[in-house]
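# Breakdown of the fold
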Amino acid sequence: MPKTAMVKIEPKDYKKDDLIKVNTVIMHPMDTGLVKDKESGKYIAAYHITDVEVYYGNERITTMKLSGSVSANPFISFYVKATKTAPLKIVWKDNKGDVTEKVIDINVG
Amino acid sequence: MNRRELLKGAALAVSGLTFGSSLLTDVFAVELADAPPPKKSYEEALKEITGGKTVADSDKVKLIAPEIAENGAVVPVTVEVELPIEQVKAIHILADKNHNARTMSVELTPANGKAYISTRIRLAESMNVVAIAQLADGSFIKAQKPVKVTIGRMWIINN
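Owing to the predicted nature of the structure, the values given are computational and were not obtained by experimental measurement. (Residues numbered from 1 in each chain as written. Chains lettered and ligands numbered in written order. Predicted model: local features only at pLDDT ≥ 70, side-chain atom pairs only at ≥ 80, totals over all residues. Heavy atoms only, no water.)

## Side note on the layout of surface pockets
Reported here for the second largest pocket is a volume of approximately 250 Å³. What lines the second largest pocket is a set of 16 residues, and nearest its centre among them are A:T32, A:H48, A:G68, B:P37 and B:N100. In the lining of the second largest pocket, the residues fall into six nonpolar, ten polar and no charged. (1 Å grid on protein atoms, 1.4 Å probe; cavity = no way out; pocket = protein on both sides within 12 Å on 5 of 7 lines; lining within 4 Å. Points joined across faces, edges and corners; volume = space filled by probe spheres on them. Nonpolar A, V, L, I, M, F, W, Y, C, P; charged D, E, K, R; others polar.)

Put into structure tokens, the structure is as follows:
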């Protein structure tokens, strides 16, 4: 089941070859696997985002590996250089096989 | 509406809320495991990243993290490498006393324009946050900063 995710860029007005800051956030519990369930005394299984991939056009420009030590609802920001008009796609994958995708358009006119 | 009706309404709303939350926990039922995931120490994580190479301290790596974090569950960390993006292959964020010290690894390309990453991490207790930059020539540079955590394991006990 895909999760809720948001992508925002700043600044809103940019020209070709400008640096754009991409702020992303996804709603995910990011269970570390270290928390004990009070009733059963067992551990709540690890459940977290493992991979974040960023595609600009057809090219994969950034690959991230995450562990459970990243906070719940992980917020990540990074930069992209606006070299061309193309979609910017961010893909989140978690350790249960869920894939969430979000696409925004980079338009340099 | 008189006072009695208002109170009745409020009581109903509260019971509705509790009913709703019990439904929520049913939908998001958590899986249980007998054992926690394997431990990865700082030394192991470092070896995994560098393959045993030495990592030099460098002021080219700018690590921004709070000196005192009130809540260990959400510690903002920003890493910027003040080198041309062509020279930076990856940025790694480590937390040296966490169960899994290797927190995040980011592989960058020149299309990023700037060697920068910002996120929020968890710290189980007061420890060093380490940012390692992997350079295109195969060398590694790092910066580290001690972060004091006032409420640490809270997120382990009561997530």
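Structure shown, so let's carry the discussion forward.
## Some remarks on the packing of aromatic side chains
A complete count under the given rule lists one aromatic pair over all chains for this structure. Between the aromatic rings of A:Y79 and B:Y116, the centroid separation amounts to 4.9 Å while the plane-to-plane angle is 85°, which identifies the pairing as edge-to-face. With A:Y79 in strand 6 (residues 75-81) and B:Y116 in strand 8 (residues 116-121), this pair bridges two chains. The exposure class assigned to B:Y116 is buried, which follows from its relative accessible area of 8%. We note A:K84 situated over the ring of A:Y56; from NZ or CZ to the ring centre the distance is 5.1 Å. A cation over a ring is seen here: A:K96 above A:Y47, with NZ or CZ 4.0 Å from the ring centre. (Phe/Tyr/Trp six-rings, centres within 6.5 Å; stacked < 30°, edge-to-face > 60°. Helix = DSSP H or I, 4+ residues; strand = E, 2+ residues; numbered from the N terminus. Buried < 20%, exposed > 50% of the residue type's maximum accessible area, 1.4 Å probe, protein only. Lys NZ or Arg CZ within 6 Å of the ring centre and 35° of its normal.)

## Quick look at unusual backbone geometry
Peptide bonds are mostly trans, and most non-glycine residues show a negative phi. All names here are of chain A. Here the bond from E10 into P11 is cis, since omega is -5°, no more than 30 degrees from zero. Here P11 is to be found in the loop between strand 1 (5-10) and strand 2 (19-26). With a phi angle near 70°, D17 is a residue other than glycine that sits in the positive phi range. Structurally, the position occupied by D17 is in the loop between strand 1 and strand 2.

## Notes on the sheet that holds strand 5 (residues 75-81) of chain B
Spatial strand order, 1(A)-2(A)-6(A)-8(B)-5(B)-3(B): six strands in an open sheet with antiparallel pairing. With one partner strand each, in any of the chains shown, strand 1 of chain A together with strand 3 (61-64) of chain B form the two edges of the open sheet. Each strand axis lies, on average, 15° off the axis of its neighbour in the sheet, ignoring direction. Relative to strand 6 of chain A, strand 2 of chain A runs antiparallel, the two sharing seven bridges. Directly across from A:K21, in strand 6 of chain A, lies its bridge partner A:Y79. (Pairing = 2+ DSSP bridges. Axes fitted to C-alpha atoms, helices over the stretch in contact; angles between N-to-C directions.)

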